[in-house]
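These are the residues of each chain, in order.
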Amino acid sequence: MSTNQLDKKSEAWSALFSEPMSELVKRYTASVFFDKRLWLADITGSLAHAEMLAAQNIIAASDLADIQRGMAQIRSEIEAGSFEWKLDLEDVHLNIEARLTQLVGDAGKRLHTGRSRNDQVATDVRLWLRDEIDLISDLLKELQVALVDVAEKNVDVILPGFTHLQVAQPVSFAHHLLAYVEMFARDAERMADVRRRTNRLPLGSAALAGTTYPLDRERVAQTLGMEGVCQNSLDGVSDRDFAIEFTAAASLCMVHISRFSEELILWMSQNFGFVKIADRFTTGSSIMPQKKNPDVPELARGKTGRVVGHLMGLITLMKGQPLAYNKDNQEDKEPLFDTVDTLKDTLRIFCEMVGGQLNPATGQKEGGITVNAQAMEAAANKGYATATDLADYLVKKGLPFRDAHETVAHAVKAATSHNCDLSELPLTVLQGFNASIEKDVYECLSLRGSLNARNTLGGTAPAQVKAQIARHRVRLA
Ligand code: ARG
């Protein structure tokens, strides 16, 4: 290989090859146009490796200085957009190494001592993903705070709670929103857990079997802020569990987003009219002038399929792969990158759609979800949402629950035929169903009475909801 030219990847290996790659094969095998986004992780990993090589006297201190100088220059070239990415150099690793050698000569060629692209790429992806997980964790927290903020203002707003999408029992709107806070809190826990297994160092596994140089892998891990080193070189170069785990956690998070989206879409429809979202998250129709379509929640619901698809892609990618590194693994990047992009964008947009945007003039957030409390309460008044409360009332009067259930079914039937709510049936009519019913029954037939009565831990009584809000505030502080 000539000293200062490494312009083609064939020059990265040897004279063993008797014919060049065809253009089609080059394009088919190259990853540089998507893996170049790993450039900062690649430089960071290389610098940690080089520093250790020098500390172990595997390369000279002057080589380390050259490598550091060259990498600083490459960094500024990439940041300035003047770095020339070459398809011929296949991937981010060979592109950066070739430029380094061009800039600093032999020291650049010494950088690859004791490593291979197999442990290098595994390290880069882990470093990159670790930082992305941190950004996603911040967004998950922000979204939870936005939901708790809206919840706090709506503790006494009554929503018909549904099962089977049929009116079931009245619930506090805040309680409903806090259900999503629980989901996103679990997502954040899962991200923290995935981060631990992502943040381990493959570097030093070399191609597959480890290396003959006296590397100090623990030192590199420490420099990179990693929590440990991969303990088996074969596993180190080939493990992509962390990418699958991350995509699984991301899929579940998107599933939660899709459930919330579906509710927003329903709530915004004319038939519900429970909430509004700011106009900038909706679009009009080119033909129907009256329309305001909830495009953002709909797209988020759709993008959930895309992320779940990436999970299927990655898990299938690994199925049946023999140890150790195989070129198949290059296919881990696009699904992983797209999962990160989709999840981050979705979380960002939901933070704003729920919580609003900060108005610097007032220091207040504006333009989040608008709640129509009257429409919610009117809907809750329609579906005999307090029927269970009447049954519970009768149980407290001594009736077995099954009998109480049957009695209330008759009362509901009567109310339906009179086209009124249970609370609108005269006392004498109610007493016709069971003689033990007294005037105090109306207390439990009211929506608020029903809400207040569910005062057990995790229940929808405003006192419980307030306690949950306080707990979340402490947790999210
Ligand atoms: N671009 C490759 C990847 O993403 C880097 C590792 C290549 N290793 C190899 N032995 N061909 O996986």
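Structural data are supplied above this passage.
Let me sum up the structure you'll find in this document. Residue positions are given per chain, counted from 1 along the sequence in the order it is written. Per-residue local features are limited, in this predicted model, to residues with pLDDT of at least 70; the limit for side-chain atom pairs, both in listing and counting, is 80 or more; totals at the level of whole chains, interfaces and linings are taken over all residues. The side-chain values count all of the structure's non-hydrogen atoms but skip hydrogen atoms and water molecules.

Turning our eyes to something else, we now look at the pattern of salt bridges. Salt bridge, as used here, is a side-chain nitrogen of Lys or Arg placed within 4 Å of a carboxyl oxygen of Asp or Glu. This model, assessed by the stated rule, comprises 35 salt bridges. Between Arg130 and Asp131 there is a salt bridge whose closest N-O contact spans 3.3 Å. Residue Arg197 is joined to Asp193 by a salt bridge in which the shortest nitrogen-to-oxygen separation is 2.9 Å. Highlighted residues: Arg197 and Asp193, both in helix H8 (residues 173-198), separated by four residues, approximately one helical turn. Taken together, the salt bridges that share partners define one network made up of Glu90, Asp91, Arg117 and Lys327. Numbering of helices and strands runs from the N terminus; a helix is a DSSP stretch of H or I covering at least four residues, while a strand is a stretch of E covering at least two.

This part covers the packing of aromatic side chains. What counts as a ring pair is set by centres within 6.5 Å for rings of Phe, Tyr and Trp (its six-membered ring), and what kind of pair is set by the plane angle: stacked under 30 degrees, edge-to-face over 60, tilted for all other angles. Within the structure shown, the criterion is met by seven aromatic pairs. Relative to Trp267, the ring of Phe173 has its centre 5.4 Å away and its plane inclined at 65°; by these criteria the two rings are edge-to-face. Residue Phe173 is found in helix H8, and its partner Trp267 is found in helix H11 (residues 241-268); the two are separated by 94 residues along the sequence. Note on classification: 1.4 Å probe, protein chains only; a residue is buried when its accessible area is under 20% of the maximum for its type, exposed when over 50%, partly exposed between these limits. Judged by relative accessible area, which is 2%, Trp267 ranks as buried. Aromatic pair Phe272 and Phe274: ring centres 5.3 Å apart, planes at 80°, arrangement edge-to-face.

On to a nonpolar patch on the surface. Residues Leu208, Leu234 and Leu323 make up a contiguous nonpolar surface patch of about 260 Å² in total accessible area. You can call Leu234 partly exposed: its relative accessible area is 31%. Think of a patch as exposed residues, more than 30% relative accessible area, with no salt bridge, where like charges cluster within 9 Å and nonpolar side chains (Val, Leu, Ile, Met, Phe, Trp, Tyr) cluster within 5 Å. The Shrake-Rupley method, run with a 1.4 Å probe, gives the accessible areas here. Residue values count only the displayed protein chains as cover.

Secondary-structure assignment places Ser62 in helix H4 (residues 61-80). Along the backbone, Ser62 and Ala107 are 45 residues apart, and their C-alpha atoms lie at a distance of 8.2 Å.

Looking now at the pairing of strand E1 (residues 158-163). A pair of strands counts as paired when DSSP detects no fewer than two bridges linking them. Pairing analysis gives six bridges linking E1 to strand E2 (residues 166-172), with the strands arranged antiparallel. When the sheet's bridge partners are listed, Leu159 is paired in E2 with Val171.

Okay, the site of the ligand next. Note on definitions. A residue lies near a molecule or strand when any single heavy atom of the residue is within 4 Å of it. All residues in the neighbourhood of the ligand are listed as Ser31, Asp91, His93, Arg117, Asn118, Val121, Tyr325, Gln330 and Lys333. For this analysis, a polar contact is any N or O atom pair within 3.5 Å, provided that within protein one partner can donate a hydrogen and the other can accept it, and provided that sequence-adjacent residues contribute only side-chain to side-chain pairs. One nitrogen or oxygen atom from the side chain of Ser31 is found 3.5 Å from a nitrogen atom belonging to the ligand. Gln330 places a polar side-chain atom, nitrogen or oxygen, 2.8 Å from a nitrogen atom of the ligand. With three residues, the single largest contributor to the shell around the ligand is helix H7 (residues 117-152). Side-chain classes are defined by residue name, with Ala, Val, Leu, Ile, Met, Phe, Trp, Tyr, Cys and Pro counting as nonpolar, Asp, Glu, Lys and Arg as charged, and the others, Gly among them, as polar. Its residues assigned to classes, the shell around the ligand comprises two nonpolar, four polar and three charged.

So, about the state of the cysteines. Defined by distance alone, a disulfide is two cysteine sulfur atoms within 2.5 Å. Across all of its chains, the model carries zero disulfides by this definition. With no disulfide of its own, Cys253 lies closest to Cys351 among cysteine sulfurs, the gap being 10 Å. The buried category is assigned to Cys253, whose relative accessible area is 1%. Cys444 forms no disulfide, and the closest cysteine sulfur to it belongs to Cys420, at a distance of 15 Å. Given a relative accessible area of 15%, Cys444 falls into the buried group.

Ala324 follows Leu323 through a cis peptide bond whose omega is 0°. Here Asn57, not a glycine, exhibits a phi torsion of approximately 55°, which is positive. With respect to the helices and strands, the residue Asn57 is situated in the loop between helix H3 (39-55) and H4. The exposure class assigned to Asn57 is exposed, which follows from its relative accessible area of 68%. Backbone geometry places Glu90, a non-glycine residue, at a positive phi of 65°. Within the element layout of this structure, Glu90 appears in the loop between H4 and helix H5 (92-104). Since its relative accessible area comes to 4%, Glu90 is described here as buried.

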